[in-house]
Amino acid sequence: MPTLKKAIIIGAGPAGLAAALQLHRNNNIAITVYELRPEPVTIGGAIGIFPNGMRLLHRMGLYEALLARGSCVTHLEMHSLQNGDIAKVDMSSWAHQQTGFGYLRICRRDLQDVLLTAVAEEHLPVSYNKRIVSVTESPTDVTVTFSDGSTDTADILIGCDGIHSGVRRLHVDPSIVPEYSGIAGTQSIIQSTDLPDALKTHGNAFMTCNGLLAVMPCSAAGDQLFWFFSRETPIPHSESGEARDGWEERRQQEVAGYKDTIRQLIDSGKGEWRETLTEMVNRTEFIGFYPIFRLPLGGKWSTSRTVLLGDAAHAMQPHAGQGVSMALEDVFLLSRLLRDQERGLEDVFAKYEAIRRPRIMEISTLAAKNGRARRDVSSWRLWMKEYMAWATYGLYNRLGLESWGIGQRHLVYDIDQVEVAV
Ligand SMILES: Cc1cc2nc3c(=O)[nH]c(=O)nc-3n(C[C@H](O)[C@H](O)[C@H](O)COP(=O)(O)OP(=O)(O)OC[C@H]3O[C@@H](n4cnc5c(N)ncnc54)[C@H](O)[C@@H]3O)c2cc1C
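Here is what the cut-offs are and how they apply
Residues numbered from 1 in each chain as written. Predicted model: local features only at pLDDT ≥ 70, side-chain atom pairs only at ≥ 80, totals over all residues. Heavy atoms only, no water. Near = heavy atom within 4 Å. Polar contact = N/O pair within 3.5 Å; in protein donor to acceptor, adjacent residues only side chain to side chain. Helix = DSSP H or I, 4+ residues; strand = E, 2+ residues; numbered from the N terminus. Domains from an automatic or database assignment. Contact = heavy atoms within 4.5 Å. Buried area = accessible area lost by both parts, 1.4 Å probe. Salt bridge = Lys/Arg side-chain N within 4 Å of Asp/Glu carboxyl O. Nonpolar A, V, L, I, M, F, W, Y, C, P; charged D, E, K, R; others polar. Phe/Tyr/Trp six-rings, centres within 6.5 Å; stacked < 30°, edge-to-face > 60°. Lys NZ or Arg CZ within 6 Å of the ring centre and 35° of its normal. Core = buried A, V, L, I, M, F, W, Y, C linked by side-chain atoms within 4.5 Å. Buried < 20%, exposed > 50% of the residue type's maximum accessible area, 1.4 Å probe, protein only. UniProt positions renumbered as here; feature names shortened; annotations may be inferred. Axes fitted to C-alpha atoms, helices over the stretch in contact; angles between N-to-C directions. Parallel < 35°, antiparallel > 145°, perpendicular 65-115°, else oblique. Left-handed = near helix turned anticlockwise from the far one by under 90°.

1. Describing the site of the ligand
What surrounds the ligand is a group of 28 residues, the closest being A15, E35, G48, D311 and V324. One of the side-chain nitrogen or oxygen atoms of E35 is found 2.6 Å away from an oxygen atom of the ligand. D161 places a polar main-chain atom, nitrogen or oxygen, 3.5 Å from a nitrogen atom of the ligand. Broken down by secondary-structure element, the contributors of at least two residues to the shell around the ligand are helix 1 (14-27), strand 3 (46-49) and helix 11 (323-338).

2. A closer look at the domain arrangement of the protein
What the domain assignment reports for the protein is domain 1 (6-39 + 128-178 + 296-372) and domain 2 (180-293 + 384-404). Taking only C-alpha atoms, the centre of domain 1 and the centre of domain 2 are 31 Å apart. With 7 residues of domain 1 at the contact, the number on the domain 2 side is 6 residues. Summed over both sides, the interface between domain 1 and domain 2 buries roughly 470 Å², with carbon and sulfur atoms accounting for 69% of that surface. It is P178, Q317 and H319 that lose the most area in domain 1 upon contact with domain 2, and together they represent 54% of the buried surface on that side. Linking domain 1 to domain 2 there are 0 salt bridges. Counting the contacts that link domain 1 with domain 2 gives 0 residue pairs in polar contact (both at pLDDT 80 or more). Of the residues that constitute the side of domain 1 that touches domain 2, the class distribution is 4 nonpolar, 3 polar and no charged.

3. A look at the packing of aromatic side chains
For the coordinates displayed, the defined rule picks out 13 aromatic pairs. Aromatic side chains Y180 and W247 sit 4.7 Å apart centroid to centroid with 65 degrees between the ring planes, which places their arrangement in the edge-to-face category. Here W247 lies in helix 8 (residues 243-268) and Y180 lies in strand 13 (residues 179-191), a separation of 67 residues in the sequence. One aromatic cluster is present, formed by Y180, W247, F289 and F293 through successive ring pairs. Sitting over the face of the ring of W301, R357 holds its NZ or CZ atom 4.0 Å from the ring centroid. The residue whose ring lies beneath R359 is Y413, and the NZ or CZ to ring-centre distance is 3.8 Å.

4. Some details on the nonpolar core
Residues I10, I31, L62, I158, L309 and L338 are the most contacted members of the largest nonpolar core, which totals 77 residues. Tallying contributions element by element places helix 11 first for this core, with 10 residues. Counting 26 residues, the second largest nonpolar core, distinct from the first, contains V73, C107, A205 and M207.

5. What to know about the UniProt feature "domain: FAD-binding" (unreviewed entry) in the protein
Those places that UniProt annotates as "domain: FAD-binding" (unreviewed entry) correspond, in this numbering, to residues 7-224 and 300-363. With 28% helix and 37% strand, the stretch residues 7-224 has end C-alpha atoms that lie 38 Å from each other. The span residues 300-363 is 61% helical and 5% strand by assignment, and the distance between its end C-alpha atoms comes to 18 Å.

6. Here's the deal with the packing of helix 11 against helix 12 (residues 345-372)
Put simply, helix 11 and helix 12 touch, their axes get as near as 10 Å, and they point 155 degrees apart. One finds that helix 11 runs roughly antiparallel with respect to helix 12. Where helix 11 crosses over helix 12, the two elements pack in a sense that is right-handed. Between helix 11, through M326, E329, D330, L333, L334, L337 and L338, and helix 12, the contact on the second element is made entirely by L345, V348, F349, K351, Y352, I355, R356, R359, I360 and I363. Residue classes in the contact of helix 11 with helix 12 are distributed as 12 nonpolar, no polar and 5 charged.

What follows is the structure, given as structure tokens:
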């Protein structure tokens with residue numbers, strides 16, 4: 001393959017910024033990142049990154065900066081609003097032992113800040129307010145046109161523009177459209193002042209008949225808590241008949257009514273958590289509402305000079321906490337394959353897909369399975385679920401099964417160790 005001199009990256013989320021850093025540092029490729037939004041903003045909230053992702057962030061030299069901002073969460077305690085404590089769930093101790101990295105919960109804006117700082121230190125340009133409107137490929141290059149009339153040309157185009165990717169829709173595979181998972185969530189970040197220590201030291205989750213309520217520390221000092229309430233939510237129908245309007249109406253209803261919804265759930269319980277959870281909801285000021293969409297598997301990920309990474313290729317439900325880590329694995333593999341001077345671009349993309357598809361299939365299946373645990377159930381079925389969780393985790397903990405890595409094997413996957421020859 002002739003040496004690649006220049007890449008255009010569309011999207012300045014985790015995939016785009018990580019790709020910019022890796023390809024610049026490891027492949028010596030000149031990069032320009034184009035971002036739709038007028039300035040660096042995120043959808044808010046906090047995300048969890050498991051050991052497989054933390055290891056890659058460490059290789060990028062970002063680990064210490066992330067650790068200084070996020071909260072290392074080792075376990076989650078599950079509770080019943082009706083029947084007290086259910087189980088202690090180990091999140092990653094076996095994977096931590098194997099990799100040297102644990103689980104970090106960090107505000108999205110902190111993750112983005114750390115990535116953007118690194119990108120600025122390498123003097124990589126990020127242009128905001130850039131909406132892609134067309135892509136044209138020739139045998140020697142690829143040209144992107146933006147809605148302001150400007151264009152740019154490079155050897156390779158990398159679509160990192162998320163689930164609603166313009167690169168995918170305009171160029172790579174317009175047939176793939178996001179599908180609704182049936183689950184939506186509300187979430188917020190609050191100050192932890194005067195709340196019980198149990199909220200600041202580990203995660204706490206509450207199974208209910210109508211979804212999952214969870215709260216976790218998300219800052220190194222423990223002064224901030226992230227909570228979410230994730231539940232089955234039917235597709236809304238609007239007066240206008242437009243799906244987008246329906247979601248906007250639903251968003252407004254959820255945002256206006258979330259305190260009442262959650263208070264009703266809490267009030268139906270009788271445990272010690274009532275007061276704490278009520279206070280958590282009372283002090284919430286801003287709330288986000290997110291219907292969870294995903295991409296059907298099996299779409300195209302590349303053309304001759306264009307490739308999709310991260311959510312643009314394979315957005316999955318967030319219920320395995322792996323979206324960012326999957327994007328990082330994509331980036332590391334692409335960078336590694338591009339170092340092989342013997343491979344042409346189409347060969348690189350074919351190898352990239354052959355290695356990534358089984359892994360993506362495994363993790364999106366896990367995420368969808370975890371998502372189903374949020375579906376509505378009767379109070380009898382909830383009791384059964386709680387009992388099963390109590391019995392299963394009780395046995396797991398008593399027999400020390402975490403030392404066998406059960407449920408954590410996917411967290412030690414190392415994309416740099418995957419065989420890429422041939
Ligand atoms: C509610 C929720 C909770 C989640 N929790 C977790 C979690 O705990 N752990 C985890 O690992 N993952 C989680 N995820 C998933 C995670 O957010 C994504 O997998 C991750 O952000 C993917 O990164 P990305 O860079 O591929 O896409 P994105 O983060 O979506 O970034 C895409 C970027 O491209 C820009 N863009 C979009 N269109 C264009 C265009 N046409 N032109 C230019 N730029 C464009 C966007 O503005 C954005 O900046 C969660 C997702 C949701 C919705």
